[in-house]
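Tertiary structure, described
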Amino acid sequence: MEKIDYEKEFLSIYNKFNQKYSKWEVWKDFLYLSAASMANTVKTAEWQQREERYLQTIGKYEKEYQEMMPNLFAVTAAALDDNPEQDFLGKLYHRIGLEQEQKGQFFTPYHICEFMSEINYAGDEMLDAKTGKKYITVSDPACGAGAMLIAFANTARKHKINYQDKVLFVAQDIDETAMLMCYVQLSLLGCNAAVIRGDSLAKPGFHPDNDVWFTPMLYLKWEKFRGFFEGTEEATQQISMNPLDMKQFVEEASGQMTLAI
Ligand SMILES: C[S@@+](CC[C@H](N)C(=O)[O-])C[C@H]1O[C@@H](n2cnc3c(N)ncnc32)[C@H](O)[C@@H]1O
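Here's what I pulled together on the structure shown here. In this text, all values refer to a predicted model and were calculated from it rather than measured experimentally. (Residues numbered from 1 in each chain as written. Predicted model: local features only at pLDDT ≥ 70, side-chain atom pairs only at ≥ 80, totals over all residues. Heavy atoms only, no water.)

Structural notes on the overall build of the protein chain
Scanning the protein chain for helices and strands turns up 15 helices and four strands. The buried share of the protein chain, taken over its 261 residues, is 50%. For the protein chain, restricting intrachain contacts to residue pairs at least 6 apart in sequence, the fraction spanning at least 24 positions comes to 71%. Split by element, the accessible area of the protein chain, about 12900 Å² in all, is 53% carbon and sulfur. (Helix = DSSP H or I, 4+ residues; strand = E, 2+ residues; numbered from the N terminus. Buried < 20%, exposed > 50% of the residue type's maximum accessible area, 1.4 Å probe, protein only. Contact = heavy atoms within 4.5 Å. Areas by Shrake-Rupley, 256 points an atom, 1.4 Å probe, with all protein chains shown as cover.)

As structure tokens, then:
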């Protein structure tokens with residue numbers, strides 16, 4: 001069967017926007033729309049504000065372009081489904097030349113992330129038997145598009161650890177675009193992840209000023225991981241979320257989600 005070139009597919013849609021809109025604006029908007037459409041499957045404290053920004057963002061585009069935004073998302077999902085061992089959006093970001101918009105922002109090539117992830121993998125004692133830990137936690141406080149964390153998910157899988165069940169990912173970046181790239185990719189890969197926008201040095205982790213995004217898989221597995229978040233501002237907000245919405249989300253998602261493993 002002929003292999004699909006997903007980068008080419010993505011660019012064939014993305015380049016159509018160039019006739020009317022700036023490439024940087026389209027990239028940022030595509031990310032926000034994709035991220036918000038996944039995050040807002042659950043009615044969290046941030047739901048309303050994300051919904052409003054979603055509508056405002058999509059509203060900037062003419063109808064034919066509005067209809068193309070979900071196609072960019074669909075190609076991204078298909079690309080990661082076809083090959084989860086890649087930083088699809090990070091690669092595209094550089095291929096399009098978007099680093100020029102961001103003072104030379106640079107993401108680590110995926111094969112280096114793979115190597116780093118493998119040498120940092122501490123073996124099966126990361127779980128259960130010796131430590132009593134039920135899951136592994138892994139963090140990248142300057143996550144970019146999430147390449148290091150994607151590589152860790154794949155390293156876990158290669159070591160026969162189901163990362164969708166046994167790994168909690170925490171990612172942070174000061175830059176919203178990077179944070180959203182990471183959120184979209186970790187969500188599509190079915191990672192249990194909290195992806196945070198904020199300064200890791202001045203305001204690390206679940207600081208009240210930070211913008212925290214939970215992936216759909218984390219909501220699904222919330223009971224398992226909630227202990228990790230207890231005492232943080234985010235946990236307070238999530239726990240106060242309408243439990244009916246959560247129940248409904250879990251029921252619907254359980255029937256629909258295809259797991260990558
Ligand atoms: C060289 S990139 C690496 C990204 C990713 N870890 C990778 O390996 O591809 C560095 C990232 O750190 C982020 N960053 C820089 N200063 C930061 C800070 N104080 N807090 C959080 N993120 C920061 C940048 O926005 C950028 O995305």
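Read on, since the account is not over.
A few points about the sheet that holds strand β3 (residues 192-197)
In space, the four strands of this open sheet follow the order β1-β2-β3-β4, with mixed pairing throughout. The sheet is open, and its two borders are formed by β1 (136-140) and β4 (211-214), each paired with just one other strand. Each adjacent strand pair in this sheet contributes to an overall mean axis angle of 15°, direction not counted. (Pairing = 2+ DSSP bridges. Axes fitted to C-alpha atoms, helices over the stretch in contact; angles between N-to-C directions.)

Some remarks on helix α3 (residues 47-58)
Look at α3: 16 Å from first C-alpha to last across 12 residues, which is about the 16 Å you get at 1.5 Å a residue. For α3, every residue scored as buried is listed here: Trp 47, Arg 50, Thr 57 and Ile 58. Along the axis of α3, the buried positions cluster into a sector of 100°, meaning they face one direction only. More than 90 degrees from the buried face of α3, the exposed residues found are Leu 55 and Gln 56. (Expected span 1.5 Å × (residues − 1). Arc of directions from axis to C-beta.)

A few points about the nonpolar core
Ranked by internal contacts, the top residues of the largest apolar core, which has 67 residues, are Phe 10, Phe 17, Trp 27 and Phe 169. Not counting the four nearest positions on each side in its chain, Trp 27 is found in contact with Phe 10, Tyr 14, Leu 89, Leu 92, Tyr 93, Ile 96, Leu 98, Thr 177 and Met 181. (Core = buried A, V, L, I, M, F, W, Y, C linked by side-chain atoms within 4.5 Å.)

Some points on the pattern of salt bridges
With the rule as written, the count across this model stands at 18 salt bridges. Between Asp 29 and Lys 60 there is a salt bridge, and its shortest N-O distance comes to 2.9 Å. Taken together, the positions of Asp 29 in helix α2 (residues 23-39) and Lys 60 in the loop between α3 and α4 (63-66) put the pair 31 residues apart, joining distant regions of the chain. With relative accessibility at 8%, the residue Asp 29 sits in the buried group. Two residues, Lys 203 and Asp 209, come together in a salt bridge whose shortest N-O distance is 2.7 Å. In this structure Asp 209 comes out as exposed when scored by relative accessible area, which is 54%. The network of salt bridges with shared partners includes Glu 85, Glu 114, Arg 157 and Lys 158. (Salt bridge = Lys/Arg side-chain N within 4 Å of Asp/Glu carboxyl O.)

Structural notes on the side chain of Asp 29
At 2.5 Å, the side chain of Asp 29 and the side chain of Tyr 61 are in polar contact. Leave out the neighbours within four places in its chain, and Asp 29 touches Thr 57, Lys 60, Tyr 61 and Met 69. (Polar contact = N/O pair within 3.5 Å; in protein donor to acceptor, adjacent residues only side chain to side chain.)

Overview of the site of the ligand
Residues in contact with the ligand amount to 18 residues; listed here are only the nearest, Thr 108, Ala 142, Asp 173, Asp 199 and Ser 200. Gln 105 is positioned with one of its side-chain polar atoms (N or O) 3.2 Å from an oxygen atom of the ligand. (Near = heavy atom within 4 Å.)

Quick look at the packing of aromatic side chains
Inspection of every chain in the model, using the stated rule, returns 24 aromatic pairs. An angle of 90° between the planes, with centres 6.2 Å apart, marks the rings of Tyr 14 and Trp 27 as edge-to-face. Of the two residues, Tyr 14 is situated in helix α1 (residues 6-14) and Trp 27 in helix α2; the sequence distance between them amounts to 13 residues. Take Tyr 14: its relative accessible area is 1%, and that puts it in the buried class. The exposure class of Trp 27 is buried, given its relative accessible area of 0%. Members of the aromatic cluster, joined through ring pairs, are Phe 10, Tyr 14, Trp 27, Phe 30, Phe 88, Tyr 93 and Phe 107. (Phe/Tyr/Trp six-rings, centres within 6.5 Å; stacked < 30°, edge-to-face > 60°.)

Here we look at the pairing of β1
Of the two faces of β1, the one lined by Ile 136, Val 138 and Asp 140 is fully buried and the one lined by Thr 137 and Ser 139 carries no buried residue. In terms of strand pairing, β1 meets strand β2 (residues 167-173) through five bridges, oriented parallel. Note that in β2 the partner of Ile 136 across the bridge is Val 167.

Description of helix α11 (residues 176-188)
With 13 residues, α11 extends 18 Å between its outermost C-alpha atoms, agreeing within 8% with the 18 Å of an ideal straight helix rising 1.5 Å per residue. Burial analysis of α11 places 12 of its 13 residues in the buried class, the great majority of the element. What α11 keeps buried is the set Glu 176, Thr 177, Ala 178, Met 179, Leu 180, Met 181, Cys 182, Tyr 183, Val 184, Gln 185, Leu 186 and Ser 187. Remark: Gly 190 follows α11 within two positions and exhibits a positive phi of approximately 75°.

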